[in-house]
8 protein chains.
Amino acid sequence: VSSAEQDALIRFDFHRRERVGVAEAVLCAGKTTELVERIAWQVHERGQRLLLTRLDPRVHAALSPALQQQLDYEPLSHTAVLGPLPETAGPARVAIVSAGTSDARVAREASRTLAFDAVAVQEIHDVGVAGLWRLLERAEELREIPVVIAVAGMDAALVSVLGGLLSQVVIAVPTSTGYGACRDGETALAASLVSCASGVTVCNIDNGYGAACAALRVLRSLGRLQERAQR
Amino acid sequence: VSSAEQDALIRFDFHRRERVGVAEAVLCAGKTTELVERIAWQVHERGQRLLLTRLDPRVHAALSPALQQQLDYEPLSHTAVLGPLPETAGPARVAIVSAGTSDARVAREASRTLAFDAVAVQEIHDVGVAGLWRLLERAEELREIPVVIAVAGMDAALVSVLGGLLSQVVIAVPTSTGYGACRDGETALAASLVSCASGVTVCNIDNGYGAACAALRVLRSLGRLQERAQR
Amino acid sequence: VSSAEQDALIRFDFHRRERVGVAEAVLCAGKTTELVERIAWQVHERGQRLLLTRLDPRVHAALSPALQQQLDYEPLSHTAVLGPLPETAGPARVAIVSAGTSDARVAREASRTLAFDAVAVQEIHDVGVAGLWRLLERAEELREIPVVIAVAGMDAALVSVLGGLLSQVVIAVPTSTGYGACRDGETALAASLVSCASGVTVCNIDNGYGAACAALRVLRSLGRLQERAQR
Amino acid sequence: VSSAEQDALIRFDFHRRERVGVAEAVLCAGKTTELVERIAWQVHERGQRLLLTRLDPRVHAALSPALQQQLDYEPLSHTAVLGPLPETAGPARVAIVSAGTSDARVAREASRTLAFDAVAVQEIHDVGVAGLWRLLERAEELREIPVVIAVAGMDAALVSVLGGLLSQVVIAVPTSTGYGACRDGETALAASLVSCASGVTVCNIDNGYGAACAALRVLRSLGRLQERAQR
Amino acid sequence: VSSAEQDALIRFDFHRRERVGVAEAVLCAGKTTELVERIAWQVHERGQRLLLTRLDPRVHAALSPALQQQLDYEPLSHTAVLGPLPETAGPARVAIVSAGTSDARVAREASRTLAFDAVAVQEIHDVGVAGLWRLLERAEELREIPVVIAVAGMDAALVSVLGGLLSQVVIAVPTSTGYGACRDGETALAASLVSCASGVTVCNIDNGYGAACAALRVLRSLGRLQERAQR
Amino acid sequence: VSSAEQDALIRFDFHRRERVGVAEAVLCAGKTTELVERIAWQVHERGQRLLLTRLDPRVHAALSPALQQQLDYEPLSHTAVLGPLPETAGPARVAIVSAGTSDARVAREASRTLAFDAVAVQEIHDVGVAGLWRLLERAEELREIPVVIAVAGMDAALVSVLGGLLSQVVIAVPTSTGYGACRDGETALAASLVSCASGVTVCNIDNGYGAACAALRVLRSLGRLQERAQR
Amino acid sequence: VSSAEQDALIRFDFHRRERVGVAEAVLCAGKTTELVERIAWQVHERGQRLLLTRLDPRVHAALSPALQQQLDYEPLSHTAVLGPLPETAGPARVAIVSAGTSDARVAREASRTLAFDAVAVQEIHDVGVAGLWRLLERAEELREIPVVIAVAGMDAALVSVLGGLLSQVVIAVPTSTGYGACRDGETALAASLVSCASGVTVCNIDNGYGAACAALRVLRSLGRLQERAQR
Amino acid sequence: VSSAEQDALIRFDFHRRERVGVAEAVLCAGKTTELVERIAWQVHERGQRLLLTRLDPRVHAALSPALQQQLDYEPLSHTAVLGPLPETAGPARVAIVSAGTSDARVAREASRTLAFDAVAVQEIHDVGVAGLWRLLERAEELREIPVVIAVAGMDAALVSVLGGLLSQVVIAVPTSTGYGACRDGETALAASLVSCASGVTVCNIDNGYGAACAALRVLRSLGRLQERAQR
């Protein structure tokens, strides 16, 4: 397939950041290596930065060396960044809490997305409810951070416990961790949606990227409120 | 339909208590009023006691006054007992913990079944995880009771928190409390099955009776162990 | 069932507002009329306000006249408020957008919950995607409001269109509106979760109350962010 | 397995074009390489043309060189054509619109099927609803084309937006693009079926071939109406 | 609830016919009697005609006598028409074929919708596949009609048999007829979607209205093709 | 793992033929190569014959050459027979009809099972409903055969058409052929269960072996009836 | 709706008995009282007999007294017979075994259908696996009857135990008895389909009528086999 | 990824045995080889023992030789033990009964977990219900063992038969053995949950580890009961 033909399949949204505040990311799963390569160079040629998610290590390895050199690849989360990563400073504006070490891959996808947008993040791992003390000893620290992302598979009980302990934004990311009645994350998803702690909202299974985007929307809403206050 | 014809549909298991240690109970849902009435009199004529579950108030009201007089009906749990209820004494051998007041109907079905078998019970209601302090302040008390039944709908997070706090038998009864993605208790059921606290076992949705029977099996297993020790 | 026995089933969370910022509400569905009545008086005796959701008109009509007089009942949303409703002023901080008139009942539950917490709200109804112009002509107005709740059943396409047009917080409430493959809201729920517009988060089906609580969490997070900025 | 035995498994419908207007195509998935090879030669021997769909690149590569030489293989859509492809001329009679570049494989299957039947097609890719402007700027062009096939995964919101903008035939092909609650295309399928835009009809997930056949049925119905008008 | 408040919930699409060729219909299920009444009068005041679907006989009976007098109510299909029904003439342009008498309610909804739009229709009932001769003896007649709507529940085998016999447009409407593994029409829906006869397209379960709208889209597409041919 | 340990996992039912009339077969899927090998030798040592189903070609290839030599392996159905295959004579007592060539693998599993039990079989392939004439021209032949097994995937319309044409035993075997809403055979299964032709019974998806066993039960029931007639 | 209009919806299959050996029955669920009445009179006028299934007591009570007098109504099974019931004699040719008294309604539907066709039946009720002795003591008796119908809800373990004990035809009818994870009979259905006893075949949930038709097919096949043997 | 970074993902619960009576085990599925290696060394450095479950043979083979030497790997169950296995003595306190040889892998996971905790176990394999005699001849032996774990796939009929025969604790572990409507163990799971034998409790699909933990909870509860009796 020629480059021209590839280009006919792509209509990149170069102005998304202006419009909805976050640059378009490329979900690499379901795209051929050629297509990923082509999109990346299109963006590179425009001098823009790009976040690539779900970039399988084998697909990453099959990209051209020239492109690989341009990418900052993180193997746990399967994310890559094209272009420079901004500096972040100050206290964390988003906390990312995961229930088990198997959920860390999703949590890291969220934190990479936020780093791509220069947001300071605090990651807290492996504090699931089976050992409740691990979470309770971090509660004070968490109360100080305006947005909390809860990443949990299986029964996602972490989501409800966090929702009951905290009064700020809690965004749940159910994960596909587990087997059998975990049903590839469907149980964690449903349990998060019907959490007994009210006001928790939910993203798609394993969607660390989406949770980060939701956190960015909260931070932008703040900007809007502040502007309004200054008028 | 004549009584003789009704009797052809019934083959009551009068010796179940001897065989598996608990008298047969009658699940009234799905049976006509006539059939419930006929079974009850059959048992009464044999001089045995009987537990009736899921006896809808309207079906109860439609039973003959003669039978109603023989029944001890409890409206919250929709259970009735035919024949005398035994005395119970001593400290509770089973604790029944419910997440919300809407789950109490199922919890009470369990406690009525245990009362029918003369087991001392402690009921603790409305201690769901959204207000974790309510549960934690009862933890010490719960650690003293050998069998704990956890009754919870929605996300059933109570099950995992109890499983993580306690080392004895924890039997989960998911309930159909809630709406939407609660899916009539399927979410609570799945979440209980994949609880991050290991060794919790699970009964069918809303099956307080079954949880009580499971508790009775534990108490019988003890008897067996003790007999063996004395040999 | 006696009042004392009823009370044993209730463990009201009187301090929830202090802890997680929103007073506990009572979900009346699945509770007997007696229990709803009992909880309401308990709260009334403590001099607190209370929000009742999913209060069926028939259950409302069966409450004691004395309690009915204390309640402000809204029939579209099946909500009631015990105690005074606070004044709200200033521009709307939350917009509630519904796709069809059949979704208005859920949208109104959200707006009643926010009114209970003194948040100014803008409701926009019947602007589903089948007639896209209805929504596009409100886009500018919506861009000014920091939090948007999108209420939609069937295919929930409204959620994605709003998510693509707006950069602030968008909270989706899928509804059970529709029949057949709508599957009581499951399709709207799934479609919202996998919205092609990133950063939209989702509540349980028909859960207007939960969406409002999520909006309140955002407003609290923004308060926290502002405090921190001023330090 | 011998050729004779293979032939016992095949009963090719050589007269389908006469009967229902479209030649039988061979769905290669689920068939052994030997069987695909055998069917192709059977058709070739009869001097007929054949469309092969879901011909995996590895199966294609395993076919005999003699057969490979007879086939026009298109790797994006996994389709092959045996025999000459007809010329197409004049303005497009069918438009094929896809939401994302990952959906292009399905869109291309549809356009290959139509090309096999000499129908002029216009493909428009990557115009999903998250960037609504991409679609709106093509609306006028689309209004001129009698049949529109909408190819979309995830929430399939493109289907409803197209259905609301256009008054002609809109055939939805949900795709399996996406993960988690996308459920291998089930969510896109259900969302398309309950589209808020009325009169949209739906094909099986990823079934670009079927959508093209449906478009061919529309074009044949036209012929029938015209014949009748001329009587 | 006041009329003014009701009106705030309605944003009627008075120009839909101009835009997408079919006037908006009102799905009455899920709307209060007051809301149905209010919408009907709004449309009546504008001097437009209106189709009401899923108007339960009890809701119809509860409408004001003044409105009832304006409505032509058809009890089998639960549809009502406000304003005059147009005359139809000439041979049928759409055939509506139902598998069993229990499916007739859905078939009739389709024919009422087409009658509302002045399309001549031929209804053929109770010709399911269990008695194949019933269908085969109508095959010639059906081949003459440009658009065929197939209405079938249970296994929806009628859809595939029709699709295999006919070369024109076949639109399937699966119905909720049947019990058990019929799953409220889900089985008929899935079977229609994967019909072995290619090019059949599918509507939502019981959606006779949608099938009729799809047929109208075909008739409009044909108009478009004819216009183009005449240019 | 030692042979002794393997043997502890096996409790072969050597007397099944005497008890329920068909020798136990070994479902190889889910068993290790070692276990399959061990079971086969156990049976061989007892001088019995054995049918192996779902024996993947790779597992077959990994068996010891000594065992492979004892096996008659059929690659289409993935079945192997240990020991001699009996002769069959006379007219077919069972017909096996498949809808498409992709279903032949399941049909062949059924015919191999029947051949293992010396039952004469007639296989008819690729006569699905999309080309109804293919089936109708075999109807007379089929009416002469006492038991008919219908093997079909996708919509399984073949099952209903056969059930409507024939008055003898029709056993449906839904297959996993197809994609998308075929749901790995679940749609064919459900459609078969709710077939509009009454008295058709159904086996598990892809279970050609089970259908053959059901046919054997019919043939044994005949024996019973005949015995009774002779008493 | 007029009688003439009703008749347009009906196309009764008066010759089904000749064709597939069993007279058409009318499934009354989903049909209006008027339609049931109309079909019954149509059949009556032709001097034929008719079986009506799923005739709700309220619908039965709403039929005209004239028709009621012609019907033999059986309340447990909700079946009615129009015309004389034939005599049956000799030993039972079909056994109908139910697991619990709640399953008797389905078992009786099967036995009524067989009685309508003059087949001698043996009903055995309430012999579920929880009290295995109840079933084992009937095993000898069951071995003598050529066709066995197993009627069971919940886990349908009865089906597997019967299938393991008996070598003749076993037809499973899963029932909707039970609650929660019984899922309205879906669990019993699935468990029957994957029974560890091979050669059991399955009908739709609660479909006693279908199981009886399947038994009739077996008896006809046996007739065919006997004829052939005598040639 | 560095060791330090790995450690940030792990928060091992070294005191779980003290708290809930069983040492934390590591579920290796879903963890990278590096992470499994890192956790094992962490535990080894603390001088503790560790159970690893679902350790795929390929992951095991990829571990460092140093670690492999420390591990006792059991290939049937995919479990490994780090550190010494304790001696067990005396009669079995837990029986593990499996239905088929394909279920042995799950049964063995349970027995390895119990062996890790020094509990004497009796394994009984391949005694499924299709050959009921195999189970009945072990019934007496089973009645002597206080806790019984029933491991079964497909229809899980073994669970109900055991539950009906025995009066002590019966813990069901449904397995994913089987295909088609077995649905990866969902059918066995549901059938176990709705077992007609009351008081059976259930674990997640294939969760031999969880069943063993549940058995340990029973043994601890019995200890507690005995202590209390001695007070």
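The rules behind the values
- Here the residue numbering is sequential within each chain, running from 1 through the sequence in written order.
- Each chain gets a letter, beginning with A, and each ligand a number, beginning with 1, in the order they are written.
- Note on the predicted model: pLDDT of at least 70 is required for a residue's local features to be given, and 80 or more for side-chain atom pairs to be given and counted; whole-chain, interface and lining totals, by contrast, use all residues.
- With hydrogens and water stripped out, all remaining heavy atoms of the structure feed into the side-chain values.
- A least-squares superposition brings the copies together, and it is based on the C-alpha atoms of residues with pLDDT no lower than 70 in both.
- Strands qualify as paired when DSSP identifies two bridges or more between them.
- What counts as a helix is a DSSP run of H or I of at least four residues, what counts as a strand is a run of E of at least two, and both are numbered from the N terminus.
- Axes, fitted as lines to C-alpha atoms, cover a helix only where it is in contact. Angles between the N-to-C directions of the axes lie from 0 to 180 degrees.
- What makes two residues a contact is simply this: any of their non-hydrogen atoms within 4.5 Å.
- Here's the idea: put two parts together, see how much 1.4 Å probe accessible area each one loses, and the total over both is what we call buried area.
- For salt bridges, the criterion is a side-chain nitrogen of Lys or Arg within 4 Å of an Asp or Glu carboxyl oxygen.
- We call two N or O atoms a polar contact when they sit within 3.5 Å, provided that within protein one can donate a hydrogen and the other can accept it, with sequence-adjacent residues counted only if both atoms are side-chain atoms.
- Note on terminology: angles under 35 degrees are roughly parallel, angles over 145 are roughly antiparallel, angles of 65 to 115 are roughly perpendicular, and the others are oblique.
- The sense of a crossing depends on the near helix, which, turned anticlockwise from the far helix by less than a right angle, makes the crossing left-handed and, turned clockwise, makes it right-handed.
- Three labels apply to residues, based on accessible area from a 1.4 Å probe with only protein chains included: buried if under 20% of the type maximum, exposed if over 50%, partly exposed otherwise in between.
- Classification used: nonpolar for Ala, Val, Leu, Ile, Met, Phe, Trp, Tyr, Cys and Pro, charged for Asp, Glu, Lys and Arg, polar for all others including Gly.
- A cavity here means a set of points on a 1 Å grid, drawn over the protein atoms and nothing else, where a 1.4 Å probe fits but cannot get out; a pocket is an open set with protein on both sides within 12 Å along at least five of seven lines, and a residue lines either one if it has an atom within 4 Å of a point.
- Grid points are joined across faces, edges and corners, and a volume is the space filled by probe spheres set on the points.
- The pairing test for Phe, Tyr and Trp rings, Trp by its six-membered ring, is centres within 6.5 Å, and the orientation test on the planes gives stacked under 30 degrees, edge-to-face over 60, and tilted for anything in between.
- For a ring to carry a charge above it, either NZ of a lysine or CZ of an arginine must fall within 6 Å of the ring centroid while also lying within 35 degrees of the normal to the ring plane.

### Considering the relation of the copies chain D and chain E
Okay, so step 1: Between chain D and chain E, the superposition needs a rotation of 180 degrees and an axial shift of 0.0 Å, giving an RMSD of 0.1 Å. What the superposition gives is, in effect, a two-fold axis relating one chain to the other.

### Structural notes on the sheet that holds strand E4 (residues 79-82) of chain A
Residue and element names in this part refer to chain A.
Okay, so step 1: Taken together, 4 strands build an open sheet; the order of strands is E1-E2-E4-E3 and the sheet is mixed. Two strands in the sheet have a free side with no partner beyond their single neighbour: strand E1 (25-27) and strand E3 (71-74). With direction set aside, neighbouring strand axes in the sheet form an average angle of 20 degrees.
Okay, so step 2: Two strands pair when backbone bridges link them, and strand E2 (residues 50-53) and E4 are joined in this way by 3 bridges, in the antiparallel orientation. Counterpart to Leu-52 in the pairing with E4 is Ala-80.

### Notes on the interface of chain D and chain E
Okay, so step 1: Between chain D and chain E, the contact holds 44 residues from the first and 44 residues from the second.
Okay, so step 2: Counting each side, the surface lost to burial between chain D and chain E is near 3700 Å², with a carbon and sulfur contribution of 53%.
Okay, so step 3: One can count 0 salt bridges joining chain D with chain E.
Okay, so step 4: Counting across the interface, chain D meets chain E through 18 residue pairs in polar contact (both at pLDDT 80 or more).

### Description of the packing of helix H6 (residues 104-116) of chain H against helix H11 (residues 208-230) of chain H
When two helices pack together, their arrangement is given by the angle between their axes and by how far apart the axes lie.
All names here are of chain H.
Okay, so step 1: Contact geometry for H6 and H11: axes closest at 7 Å, N-to-C directions at 40 degrees. It follows from the interaxial angle that H6 and H11 lie oblique. Handedness of the H6/H11 crossing: right-handed. Seen from H6, the contacting residues are Val-106, Glu-109, Ala-110, Thr-113 and Leu-114; seen from H11, they are Gly-208, Tyr-209, Ala-212, Ala-215 and Leu-216.

### Remarks on the relation of the copies chain A and chain C
Okay, so step 1: By a simple turn and slide, chain A fits onto chain C: the slide is 0.0 Å along the axis, the RMSD is 0.3 Å, and the turn is 180 degrees.
Okay, so step 2: The residues that chain A uses at the interface reappear at the interface of chain C in 100% of cases, marking a shared surface.

### Examining the pairing of strand E4 (residues 79-82) of chain G
Residue and element names in this part refer to chain G.
Okay, so step 1: Because side chains alternate across E4, one face comprises the buried residues Thr-79 and Val-81, and the other comprises Ala-80 and Leu-82, equally buried.
Okay, so step 2: Where strand E3 (residues 71-74) and E4 come together, 4 bridges link them in antiparallel fashion. Bridged to Glu-74 within E4 is Thr-79.

### Some thoughts on the interface of chain A and chain C
Okay, so step 1: On the side of chain C, 44 residues touch chain A, which itself brings 44 residues to the contact.
Okay, so step 2: Here chain A packs against chain C, burying approximately 3700 Å² in sum over the two surfaces, 53% of which is carbon and sulfur.
Okay, so step 3: Among the residues of chain A in contact with chain C, A:Arg217, A:Arg224 and A:Arg228 are the three that bury the most area, contributing 19% of the side total.
Okay, so step 4: At the surface where chain A touches chain C, the tally comes to 0 salt bridges.
Okay, so step 5: Breaking the side of chain A that touches chain C down by element, the ones donating at least two residues are helix H2 (16-20), helix H9 (157-165), strand E8 (169-174), helix H10 (186-193), strand E9 (201-202) and helix H11 (208-230) of chain A.
Okay, so step 6: Here the side of chain A that touches chain C gets 14 residues from one element, more than from any other, and that element is H11(A).
Okay, so step 7: Of the residues assigned to the side of chain A that touches chain C, the class counts are 23 nonpolar, 12 polar and 9 charged.

### Observations regarding the arrangement of the chains
Okay, so step 1: A minimum C-alpha distance of 21 Å separates chain B and chain F, which share no contact.
Okay, so step 2: Considering only C-alpha positions, the minimal separation of the non-contacting chain D and chain G is 21 Å.

### A look at the layout of surface pockets
Okay, so step 1: In this structure, the second largest pocket spans a volume of roughly 640 Å³.
Okay, so step 2: The wall of the second largest pocket is formed by 22 residues, among which F:Thr32, H:Pro75, H:Leu76, H:His78 and H:Arg105 lie closest to the centre.
Okay, so step 3: When residues of the lining of the second largest pocket are assigned to their parent elements, the largest contribution, 4 residues, is made by H6(H).
Okay, so step 4: Counted by class, the lining of the second largest pocket contains 8 nonpolar, 7 polar and 7 charged residues.

### Some points on the packing of aromatic side chains
Okay, so step 1: Under the criterion given, the structure shown has 0 aromatic pairs over all chains.
Okay, so step 2: Over the ring of D:Tyr179 we find A:Arg54, and its NZ or CZ is 3.4 Å from the ring centre.
Okay, so step 3: Lying across the ring of F:Phe116, F:Arg49 places its NZ or CZ 4.0 Å from the centre.

### Observations concerning the pattern of salt bridges
Okay, so step 1: Within this structure, the stated rule accounts for 80 salt bridges over all chains.
Okay, so step 2: Members of the salt-bridge network, linked through shared partners, are A:Glu74, A:Arg108 and A:Glu123.

### Structural notes on unusual backbone geometry
Peptide bonds are, in most cases, trans, and in most cases residues other than glycine have a negative phi.
Okay, so step 1: Backbone geometry at A:Asp126 places phi at a positive 60 degrees, although glycine is not the residue there.
Okay, so step 2: The residue A:Asp126 is located in the loop between strand E6 (121-124) and helix H7 (132-136) in this model.
Okay, so step 3: Owing to a relative accessible area of 10%, A:Asp126 belongs among the buried residues under this scheme.
Okay, so step 4: Even without a glycine there, the phi angle at F:His78 is positive, about 60 degrees.
Okay, so step 5: Take F:His78: it is sitting in the loop between strand E3 (71-74) and strand E4 (79-82).

### Quick look at the sheet that holds strand E2 (residues 50-53) of chain G
All names here are of chain G.
Okay, so step 1: Spatially, the 4 strands line up as an open sheet ordered E1-E2-E4-E3, and their pairing is mixed. Strand pairing shows two members of the sheet lacking a second neighbour, strand E1 (25-27) and E3, which therefore form its edges. Averaged over all neighbouring strand pairs, the angle between strand axes comes to 20 degrees, with direction disregarded.
Okay, so step 2: Where E1 meets E2, 3 bridges bridge the pair, whose relative direction is parallel. For Val-26, the partnering residue across the bridge sits in E2 and is Leu-52.

### What to know about the environment of C:Ser176
Residue and element names in this part refer to chain C.
Okay, so step 1: The residue Ser-176 is located in the loop between strand E8 (169-174) and helix H10 (186-193) in this model.
Okay, so step 2: Judged by relative accessible area, Ser-176 falls into the partly exposed class, the value being 24%.
Okay, so step 3: Considered as a pair, Ser-176 and Ala-152 are 24 residues apart in the sequence and their alpha carbons are 8.6 Å apart.
Okay, so step 4: Of the polar contacts made by the side chain of Ser-176, one reaches the side chain of Asp-206; its length is 2.6 Å.

### Brief notes about the side chain of F:Arg108
Okay, so step 1: Positionally, F:Arg108 belongs in helix H6 (residues 104-116).
Okay, so step 2: Residue classification places F:Arg108 among the buried positions, given a relative accessible area of 11%.
Okay, so step 3: Reaching out from F:Arg108, the side chain makes a polar contact with the side chain of F:Glu74 at a distance of 2.9 Å.
Okay, so step 4: Those residues within four positions of F:Arg108 in sequence are excluded, and the remaining contacts are D:Glu5, D:Leu9, F:Glu74, F:Leu76, F:Ser77, F:Glu123 and F:His125.

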